[in-house]
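For reference, the chains in residue letters:
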Amino acid sequence: MLHNNRKPAISRRTLLGAALGALPSRLAFSQASLPLKVGFLTVNTGPLAAGGKQQMEGAAFYLKERGGMIAGRKVELITQDTAGSPAVARTKTQELVERYSVPVMIGPLATNEALAIDSYIRDTKVPLITTTSAATVDLKSHAVNPWVLHAFGTAPQVTYPLGDYEGAGGFQLAFEGAGGKIVQKLWPPLNAPDYAPYLAQIKSDVDGIYMGFAGSNPLRFLKQFNEYGLKGKIAVLANTTSTDEGILKLMGEEAVDTFSAGWYAAGLDTADNRKFVAGINADYQHDPGFYTAGPYTALLIIEEALKATGGNTDDAAAFLKAMHDVRLSHGPIGLVRLDEYGTPILDIYIRKVARVNGKLANTILKTYPQVSQFWTYDPAQFVTQPTFSRDYPPGKNLE
């Protein structure tokens, strides 16, 4: 006899199914319980170590803000010192992939290091978000590597606007396109100890010079430029690394009034950047530069992609697509989205060195919104032209 208050019978099979349905899947459990390993290629030793120190500060501050977590997963940042060497960078990349099994990497610092590991990244299909500038797309020599994404743009991407604003590769193309004339090209070796032989060759009737230096080179060049009595007579235009905040803090009056273009400046007046600058100031007692903002931005891209995948990195293809699809609307450098080649479209800032509250700073004169690596040129035609070099663009007005 059936009683109305009796509960329906539950079979063992039904009970087992209900219990399994209440538990997270094995994939979800493993992803949530295991730390997210992020490989970090940077420079701790050698002549590029100052930039590497800034990179590590940017990554550390990002993780501090989030309590060491990204998208609900504890982050294990595995840092490798490449020493600024392409050969070492490749070895350290292999170690991150084959020993530590990282699902994603950020770095390295120098473009030649990134080029040295490109083929390995292509073969292993472990995504890399580079935190340095990149070469322009060259489809003639190799296909675009979909596993390499860029937190910053190409080297000429910042100098197109500089050539337009004050009107080598991108600078010359845009500068001459605006009616300017490049009348002389000088090529000092990397880390030249003395720029006197080159300063002596500068033509006296030029209106300005463009310098494309990094590391400690701009510090030495500007000091000697000033000692030669050229400051104030010839305007100085520069790429972003020449007056980056990391080297600017070591400069003096010789740097004042130097114009440059960049993806970032500590003086960028947005709520996100003010918070970023204040945090770096508090933790490290100096302003952040673009080396600092690079890893921070790369980790932002990873964070947004993980939100889209629910924290899952096991499906490498889905994770890669999610990173390519990221549209950053926050962060210290402003709006960022990737083009079909994995290179950012982002704001470029024209900057001028000035003293602000007693210290040197890159003050922002003009913003070029959402600049692509192709500037105003037709992308389909652009990728078929020769890559930028000492011979291209050709010197049409050299004297």
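For clarity, every value in this text was computed on a predicted model and none was experimentally measured.

Thoughts on the packing of helix H4 (residues 86–98) against helix H5 (residues 111–124)
- Here H4 crosses H5 at 35°, and the two axes come no closer than 8 Å. Considering how the two elements wind past one another, H4 and H5 form a crossing that is right-handed. Of the residues in H5, those touching H4 at Pro-86, Ala-89, Arg-90, Thr-93, Gln-94, Val-97 and Glu-98 are Asn-112, Glu-113, Ala-116, Ile-117, Ser-119, Tyr-120, Ile-121 and Thr-124.

Quick notes on the confidence of the model for the protein chain
- Summing up the model confidence of the protein chain, the mean pLDDT is 85 and the portion of residues at 70 or higher is 88%.
- Counted against residues more than four places away or in other chains, residues 1–29, with its pLDDT under 50, gives three contacts.

Thoughts on the nonpolar core
- Formed by 79 residues in total, the largest nonpolar core has its most connected members in Ile-129, Ile-302 and Met-323.
- With 11 residues, the top contributor of residues to this core is helix H12 (residues 290–309).
- Excluding residues within four positions of it along the chain, Met-323 makes contact with Val-104, Pro-127, Ile-129, Leu-149, Ile-301, Ile-302, Ala-305 and Leu-338.
- In this structure, Ile-209, Leu-219, Ile-247 and Met-251 belong to the second largest nonpolar core, which totals 24 residues.

Here's the deal with the pattern of salt bridges
- Scanning all chains against the criterion turns up 13 salt bridges.
- A salt bridge links Glu-65 to Arg-66; the nearest nitrogen and oxygen atoms lie 3.1 Å apart.
- On the basis of relative accessible area, Glu-65 is assigned to the partly exposed category, the value being 31%.
- Its relative accessible area of 23% is what places Arg-66 among the partly exposed residues.
- A salt bridge links Arg-66 to Glu-303; its shortest N-O distance comes to 3.0 Å.
- Connected through shared salt-bridge partners, Glu-65, Arg-66, Lys-275 and Glu-303 make up one network.

Regarding the environment of Gly-153
- Among the structural elements, Gly-153 can be located in the loop between strand E6 (148–150) and helix H6 (155–165).
- Distance from Gly-153 to Thr-131, taken between C-alpha atoms, is 9.3 Å for residues 22 residues apart in sequence.

Here's the deal with the packing of aromatic side chains
- Tallying each qualifying case throughout the model produces 17 aromatic pairs.
- Following the ring pairs from residue to residue traces out a cluster consisting of Phe-61, Tyr-62, Tyr-264, Phe-276 and Tyr-296.

Here we look at the packing of helix H3 (residues 49–65) against H12
- For the pair H3 and H12, the least separation of the axes is 6 Å and the interaxial angle reads 40°. Looking at the two axes, H3 sits oblique to H12. Remark: the crossing between H3 and H12 carries right-handed chirality. Residues Gly-51, Gln-54, Gln-55, Glu-57, Gly-58, Ala-59, Phe-61, Tyr-62 and Glu-65 of H3 form the contact with H12, whose participating residues are Tyr-291, Thr-292, Pro-295, Tyr-296, Leu-299, Leu-300 and Glu-303.
- Tallied by class, the residues present in the contact of H3 with H12 amount to eight nonpolar, five polar and three charged.

Focus on the side chain of Asn-312
- As for its position among the elements, Asn-312 is in the loop between H12 and helix H13 (316–324).
- Since its relative accessible area comes to 17%, Asn-312 is described here as buried.
- Polar contacts involving the side chain of Asn-312 include one to the main-chain amide nitrogen of Asp-314, which spans 2.7 Å.

Observations concerning the pairing of strand E12 (residues 344–356)
- Strand direction decides the pairing type here: strand E9 (residues 259–262) and E12, joined by four bridges, are antiparallel. When the bridges of E12 are listed, Phe-259 appears paired with Lys-352.
- Pairing analysis gives three bridges linking strand E11 (residues 336–338) to E12, with the strands arranged antiparallel. Directly across from Leu-338, in E12, lies its bridge partner Pro-344.
- Hairpin remark: E11 followed by E12, antiparallel, with five residues in the connecting loop; positive phi at Gly-342, about 80°.
- Where E12 lies against strand E13 (residues 359–371), 10 bridges are found, and the strand directions are antiparallel.

Criteria and cut-off values
- Residues numbered from 1 in each chain as written.
- Predicted model: local features only at pLDDT ≥ 70, side-chain atom pairs only at ≥ 80, totals over all residues.
- Heavy atoms only, no water.
- Axes fitted to C-alpha atoms, helices over the stretch in contact; angles between N-to-C directions.
- Helix = DSSP H or I, 4+ residues; strand = E, 2+ residues; numbered from the N terminus.
- Left-handed = near helix turned anticlockwise from the far one by under 90°.
- Contact = heavy atoms within 4.5 Å.
- pLDDT = per-residue confidence, 0-100.
- Core = buried A, V, L, I, M, F, W, Y, C linked by side-chain atoms within 4.5 Å.
- Buried < 20%, exposed > 50% of the residue type's maximum accessible area, 1.4 Å probe, protein only.
- Salt bridge = Lys/Arg side-chain N within 4 Å of Asp/Glu carboxyl O.
- Phe/Tyr/Trp six-rings, centres within 6.5 Å; stacked < 30°, edge-to-face > 60°.
- Parallel < 35°, antiparallel > 145°, perpendicular 65-115°, else oblique.
- Nonpolar A, V, L, I, M, F, W, Y, C, P; charged D, E, K, R; others polar.
- Polar contact = N/O pair within 3.5 Å; in protein donor to acceptor, adjacent residues only side chain to side chain.
- Pairing = 2+ DSSP bridges.

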